[in-house]
Amino acid sequence: MHTWHFSRALATLAVISFLSACGGGSSSTSIPPVATPDQHQHASPTPTQTPTPNPALNPSSNLTANMTAQGQWLAQHQLADGAIVYTSTEIEPYYANLAAVGLVKIPSQLANVRAWIGWYVAHINTTDVWNLGNTIYDYTYTSSGVETATKSADSVDSYVATFFTLLRQLYDTGDPTSQAYVVSLRPTLEKLGATIIAIQQPDGMTIAMPSYPIAYLEDNCEVHRGLSDLAYLEQTAFSNSTNAAKYTAAAAQVAGGISTLWSSSLQAYAWAKGEPGGELNLPSWSTWYPDATSQLFPVLDGVIPATSSRAVALWKSFNTAFPTWDQLTDLGSSAGGFPTVLVGDAAAMMGDVTHSSVYIQSIQKIYGASGYPWPWYDAEAGWYIRMDNQLNLGSSLAPTEN
């Protein structure tokens, strides 16, 4: 799954046009001409973007206070049964996982994180529309508390992978209650691990879902992270070196597949590939989503080190293409009007304090001053906590090495 703010239908139309210009490909190896919502994107109408001020560098925002505020905001968007909601009528487990990964950074929120995990586990499918099992659907809910499975999701791979990352992050807090809870979920995690491996392709990458056989850069970066985190839990929490080796090998296969997306001529990654053996969908730096923002996921999810020459070059290219992203301006229509806080987290991971500082002040003025209204939503809150934590404590997601 990837970035979040536009329907995959529009991205798909762009790809179809691109493939036609390049001679196209067979229907089995290119993006299907079907308007399918993206797991990381919003199907909701594009909001009107608020005019953005021109903030000075080095804002005085209290990073810890920002984290606390986001924890409180997310608590107000969590139902009594543990579900973290996306909108007033929707629960999207992928977004909720990202929100909870942020909440893990706030000790007072660990009970809420465990409540979300409990909701997720209780809603795992035994059978599903993809004939896989051990997957999860999106849900709708009503004000009276009725939750209904949509029998659909924007992906299989990222929903599961980000859950693994959440569980590792929870375990690494060192909180005894949380660690015992993670250990108790070992059978469930191993079933989910089998589902991820079942959708790996010959090139090592995973497809979004059997009904949508596309390998996305963002999804596969998350899968690499998730399998690495599951391997870590197998070794550290479950004391199972055999399973740890299995998932480490699977993660390495994903990394190998991601490496085949690299374009030497463009010095960037293809943002998608039709499977099996399909055509690469190459990026344009002038397009915010999915082209430019997808280039940040290899760093965000530890596929390449933030200190590597490739990461540094990609970050430079991103900032050249969108020099005022930190002021939430000039992002183009494909941004959909959303803040895309993952970019701020990437800046923090790259050690770019200048852009991070401007971005935080922009967020606080545009969203914080009015209580974080839509299009602020649960995943943005999670990324914002992670960004503030990175800047405040110098910590990020745990390294992928086991």
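> Mind showing me how you'd approach helix α3 (residues 93–103) here?
Since the α-helix advances by 3.6 residues per turn, residues separated by three or four positions end up pointing in the same direction. Most of α3 sits out of view: 11 of its 11 residues are buried. Listing the buried residues of α3 in full gives P93, Y94, Y95, A96, N97, L98, A99, A100, V101, G102 and L103.

> What is the right way to look at the pattern of salt bridges in this model?
Pairing is possible between side chains of opposite charge, provided their charged atoms come close. Going through the model one piece at a time under the given rule, you end up with five salt bridges. The shortest N-O distance in the salt bridge between D172 and R168 comes to 3.1 Å. A relative accessible area of 34% means that D172 is categorised as partly exposed. Note on R168: relative accessible area 4%, which makes it buried. What you see here is one network of salt bridges that share partners, running through R168, D172 and D229.

> Got a minute to help me understand the sheet that holds strand β8 (residues 280–281) in this structure?
As a general point, the strands of a sheet are linked pairwise by backbone hydrogen bonds and lie either parallel or antiparallel. In spatial order, the strands read β4-β7-β8; together these three strands make up an open sheet with antiparallel pairing. Edge positions in the open sheet fall to β4 (214–216) and β8, since each of these has one partner strand only. With two bridges connecting them, strand β7 (residues 272–274) and β8 associate as antiparallel partners. Of the residues in β8, the one forming a bridge with A272 is N281.

> Mind showing me how you'd approach the packing of helix α4 (residues 110–122) against helix α6 (residues 176–184) here?
Axes are the key here: two packed helices are described by the angle between their axes and the distance separating the axes. In contact at an axis separation of 10 Å, α4 and α6 are set at 15° when each is read in the N-to-C sense. In terms of orientation, α4 and α6 fall into the roughly parallel class. Two packed elements cross with a definite hand, and for α4 against α6 that hand is left-handed. On the side of α4, the interface is formed by L110, R114, I117 and G118, while α6 contributes T177, S178 and Y181.

> Help me out: how do you make sense of empty space enclosed by the protein in this one?
Where empty space is left becomes clear once a probe the size of a water molecule has been rolled over the atoms. Going through the model one piece at a time under the given rule, you end up with four cavities of 30 Å³ or more. There is about 80 Å³ of room inside the largest cavity. What lines the largest cavity is a set of 11 residues, among which L98, T162, T165, D301 and R386 lie closest to the centre. For the lining of the largest cavity, the leading source of residues is helix α5 (residues 157–171), giving three residues. Residue composition of the lining of the largest cavity, grouped by class: five nonpolar, two polar and four charged.

> What is the right way to read the side chain of Q200 from this model?
By the secondary structure assignment, Q200 is in the loop between α7 (186–198) and β4. Since its relative accessible area comes to 15%, Q200 is described here as buried. Here G204 takes part through its backbone oxygen, which lies 2.8 Å from a polar atom of the side chain of Q200. Aside from chain neighbours lying at most four places away, what touches Q200 is M205, T206, A250, Q253 and V254.

> Which parts of the structure should I look at to understand the packing of aromatic side chains?
How two aromatic rings sit relative to each other is set out by the distance from centre to centre and by the angle between their planes. Summed over the entire model, instances satisfying the criterion amount to 27 aromatic pairs. Aromatic pair F318 and W325: ring centres 6.4 Å apart, planes at 70°, arrangement edge-to-face. By relative accessible area, F318 is classed as buried at 0%. You can call W325 buried: its relative accessible area is 1%. Ring geometry for F338 against Y377: centres 6.2 Å apart, planes inclined by 85°, an arrangement best described as edge-to-face. One end of the pair, F338, is in the loop between α12 (309–321) and α13 (342–349); the other, Y377, is in the loop between α14 (353–366) and α15 (378–393), and 39 residues separate them in sequence. When sorted by exposure, F338 lands in the same class as Y377, which is buried. An aromatic cluster is built from Y86, Y94, Y95, Y159, F338, W374 and Y377, whose rings are joined through pairwise contacts. Here R168 stacks its cationic end above the ring of Y232, 3.5 Å away from the centre of that ring. Residue placement shows R310 over the ring face of W262; its charged tip is 3.7 Å from the ring centre.

The rules behind each value
- Residues numbered from 1 in each chain as written.
- Predicted model: local features only at pLDDT ≥ 70, side-chain atom pairs only at ≥ 80, totals over all residues.
- Heavy atoms only, no water.
- Buried < 20%, exposed > 50% of the residue type's maximum accessible area, 1.4 Å probe, protein only.
- Helix = DSSP H or I, 4+ residues; strand = E, 2+ residues; numbered from the N terminus.
- Salt bridge = Lys/Arg side-chain N within 4 Å of Asp/Glu carboxyl O.
- Pairing = 2+ DSSP bridges.
- Axes fitted to C-alpha atoms, helices over the stretch in contact; angles between N-to-C directions.
- Parallel < 35°, antiparallel > 145°, perpendicular 65-115°, else oblique.
- Left-handed = near helix turned anticlockwise from the far one by under 90°.
- Contact = heavy atoms within 4.5 Å.
- 1 Å grid on protein atoms, 1.4 Å probe; cavity = no way out; pocket = protein on both sides within 12 Å on 5 of 7 lines; lining within 4 Å.
- Points joined across faces, edges and corners; volume = space filled by probe spheres on them.
- Nonpolar A, V, L, I, M, F, W, Y, C, P; charged D, E, K, R; others polar.
- Polar contact = N/O pair within 3.5 Å; in protein donor to acceptor, adjacent residues only side chain to side chain.
- Phe/Tyr/Trp six-rings, centres within 6.5 Å; stacked < 30°, edge-to-face > 60°.
- Lys NZ or Arg CZ within 6 Å of the ring centre and 35° of its normal.

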